[in-house]
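Results of the structural survey
Listed below are the residues making up each chain.
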Amino acid sequence: MRLEKNWLRRALICLEESLSPIPHELNELDWKLDLTDKSLSKHISAFANHQQGGYLVFGINDMGQVTGTEQSKIKNILNKIGNVAREGVDPKVLIDHAVYDFEGKAILFVYVKESNEKPVHLRGKGLEESYIRSAAATQKMSKQEIGWCLLNSNIPSFEEQNAGDLLSSHEVLDKLDVIAFFKLLSVPVSSNEQEILNKLAEFYIVKSNDQLYTITNLGAMLTAKNMAHFSSHARRGVRVICYKGTSKVEAYLDKTFDRGYAVSFDEMLDYIQSYLPASEVIKDAFRQTVTIYPTVAIREILANAIIHQDFSIDCTHPKVEVFSDRMEITNPGTLIRKTSVERLFGSTYPRNELLTRIMYKLKICEDRGSGLLRALGAIELYGLPPLRFEVTPLHFKVTLYAPRDYQEMSRNERIEACFQHCILKYLSNEKMTNASLRKRLGISEKNYALASRIIKDAIEQNKIKVGNPEIKNAKYVYYVPSHA
């Protein structure tokens, strides 16, 4: 039999070592005849906590004699071990298996892979029910050993974790939209299957497990042909709802994009824009149709909603809702690290570091902290009301409003527009002045006092402050955010 699994080579070396010169079990290998042992979950815990994992070898008795295992038993053994690895221990453990002709008899190797997250313990029993291999036996961990495991545990991020079971290379490529992903990379799709998989691995889309592969959560979310085919991502697709009028009473369109975020992002953006109110403008002597919301703002806010969602909340979609007077973009999860809305612009704390990094490499989102600033600049360029942010324990919502004159804005909206204008100027190394605020709000140059009133209100609400208090001439005063 060809040794197609790298771990099997090591398993055979361990087996031969255990059988001669005097038969003896090892810390990384345990002989079995059948599944009569009631301590299977303990053995799996111990091997998953062991460096490089370990092997259960079926077809060898307690004396170290190779008896072989019957084909009729193999399926039952694998089913039971698989169930224990998934449901009997926490966190779940990956296993693999191989049947090998050893000394003329068929033996079954079950490879229990070392867990990145340790200690692996019996489900529902707590960390005190964690096990380890010592002196070729499975033993309960001491408190010191549990503490050592916790200190040295390499817990993978959600993006790095597996989205499903082990797959063949063909099954992987069947589930992922490779052509669209490579197009985003501006790289031709290789005719060599292995080269394709190697490139996907570079972007953490897949992980290699000997001759098999696993698709990561990142891979499913970015490149899946259908995220619903992955059980943990059935409700991750972006949902777009369009309503008649300004309320949610009647929706005339409800569509969910279940393809991966990266491979469907431009399609989502085009779809959303096709249902937005639009007007005709003349540019370069040609009449063009332009939506009332700037494309760059929609793009950046939608990208932010995707990359900053809380993946521990899996009961709701990222959502785009279009009304006649506004558009709301919502993601599951509140702000991280107790970041206030006032400090949101320019923030460099991504909730999902790897997802953010890959989306940036694919040119879908801006570098950290700059996306919302671009959106804010576009909002000002279009002369729209300020963005509205809503934070709850379960979601974060950004609202873009349709065009309204200064006179139609509320007092709070004028103050918020002043604050956001001040933020934009400050983070662009420019200065907000009375004159720049008048230009932002479309206030006549003669209405200096009107802009001064808004600035005074913003200062009283502790949103902005004078940036050069030593200057007494009001003509040269500029303002900065209060937290600057």
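Scroll up to find the structure.
All of these numbers come straight from a predicted model, not from anything done at the bench.

1. Observations concerning the packing of helix 9 (residues 261–274) against helix 10 (residues 295–307)
Look at helix 9 against helix 10: their axes get within 11 Å of each other, and the N-to-C directions meet at 135 degrees. As summarised for this structure, helix 9 and helix 10 are arranged oblique, according to the angle between their axes. As for the relative orientation of helix 9 and helix 10, their crossing is right-handed in sense. Side by side, helix 9 and helix 10 meet where Y261, F265, D266, M268, L269, I272 and Q273 of the first sit next to T295, I298, R299, L302, A303 and I306 of the second. Looking at side-chain class alone, the contact of helix 9 with helix 10 contains nine nonpolar, two polar and two charged residues.

2. Some remarks on the pairing of strand 17 (residues 388–391)
Looking down a regular strand, the side chains alternate between one sheet face and the other. As paired strands, strand 17 and strand 18 (residues 395–401) are joined by four bridges and run antiparallel to one another. Note on strand 18: the bridge partner recorded for E390 is K397. Here strand 17 folds back onto strand 18, and the loop between the two strands holds three residues.

3. Remarks on the sheet that holds strand 2 (residues 54–58)
Pairing in this open sheet of four strands is mixed, and the strands run 1-2-5-4 from one edge to the other. In the strand order of this sheet, the two ends are held by strand 1 (29–32) and strand 4 (95–102), each with one partner. Strand-to-strand, the axes of this sheet are offset by a mean angle of 20 degrees, without reference to chain direction. Where strand 4 lies against strand 5 (residues 105–112), eight bridges are found, and the strand directions are antiparallel.

4. Quick notes on the sheet that holds strand 18
Here six strands make up an open sheet; going across it, the order is 12-11-15-16-18-17 and the pairing mixed. At either margin of the open sheet sits one strand with a lone partner, and together these are strand 12 (251–257) and strand 17. Taking each pair of neighbouring strands and ignoring which way they run, the sheet shows an average axis angle of 15 degrees.

5. Digging into the side chain of T356
Tracing the sequence through the fold places T356 in helix 11 (residues 353–361). At 2.8 Å, the side chain of T356 forms a polar contact with the backbone oxygen of N352. The contact partners of T356, leaving out residues within four places of it in the chain, are I307, P350 and C365.

6. Notes on the packing of aromatic side chains
Taken as a whole and judged by the stated rule, the model has ten aromatic pairs. Look at W7 and Y55: their rings are 6.1 Å apart centre to centre, the planes differ by 20 degrees, and that puts the pair in the stacked class. You can see W7 sitting in helix 1 (residues 6–19) and its partner Y55 sitting in strand 2, a full 48 residues away along the chain. Between F257 and Y271 the ring centres are 5.3 Å apart and the planes differ by 75 degrees, which places this aromatic pair in the edge-to-face class.

7. With respect to the packing of helix 13 (residues 411–427) against helix 14 (residues 434–441)
Here helix 13 crosses helix 14 at 120 degrees, and the two axes come no closer than 10 Å. As for the relative orientation of helix 13 and helix 14, their crossing is right-handed in sense. Residues A417, C418, H421 and K425 of helix 13 form the contact with helix 14, whose own contacting residues are S436, L437, R440 and L441. When its residues are assigned to classes, the contact of helix 13 with helix 14 shows four nonpolar, two polar and two charged.

Each value, and the rule that gives it
Residues numbered from 1 in each chain as written. Predicted model: local features only at pLDDT ≥ 70, side-chain atom pairs only at ≥ 80, totals over all residues. Heavy atoms only, no water. Axes fitted to C-alpha atoms, helices over the stretch in contact; angles between N-to-C directions. Helix = DSSP H or I, 4+ residues; strand = E, 2+ residues; numbered from the N terminus. Parallel < 35°, antiparallel > 145°, perpendicular 65-115°, else oblique. Left-handed = near helix turned anticlockwise from the far one by under 90°. Contact = heavy atoms within 4.5 Å. Nonpolar A, V, L, I, M, F, W, Y, C, P; charged D, E, K, R; others polar. Pairing = 2+ DSSP bridges. Polar contact = N/O pair within 3.5 Å; in protein donor to acceptor, adjacent residues only side chain to side chain. Phe/Tyr/Trp six-rings, centres within 6.5 Å; stacked < 30°, edge-to-face > 60°.

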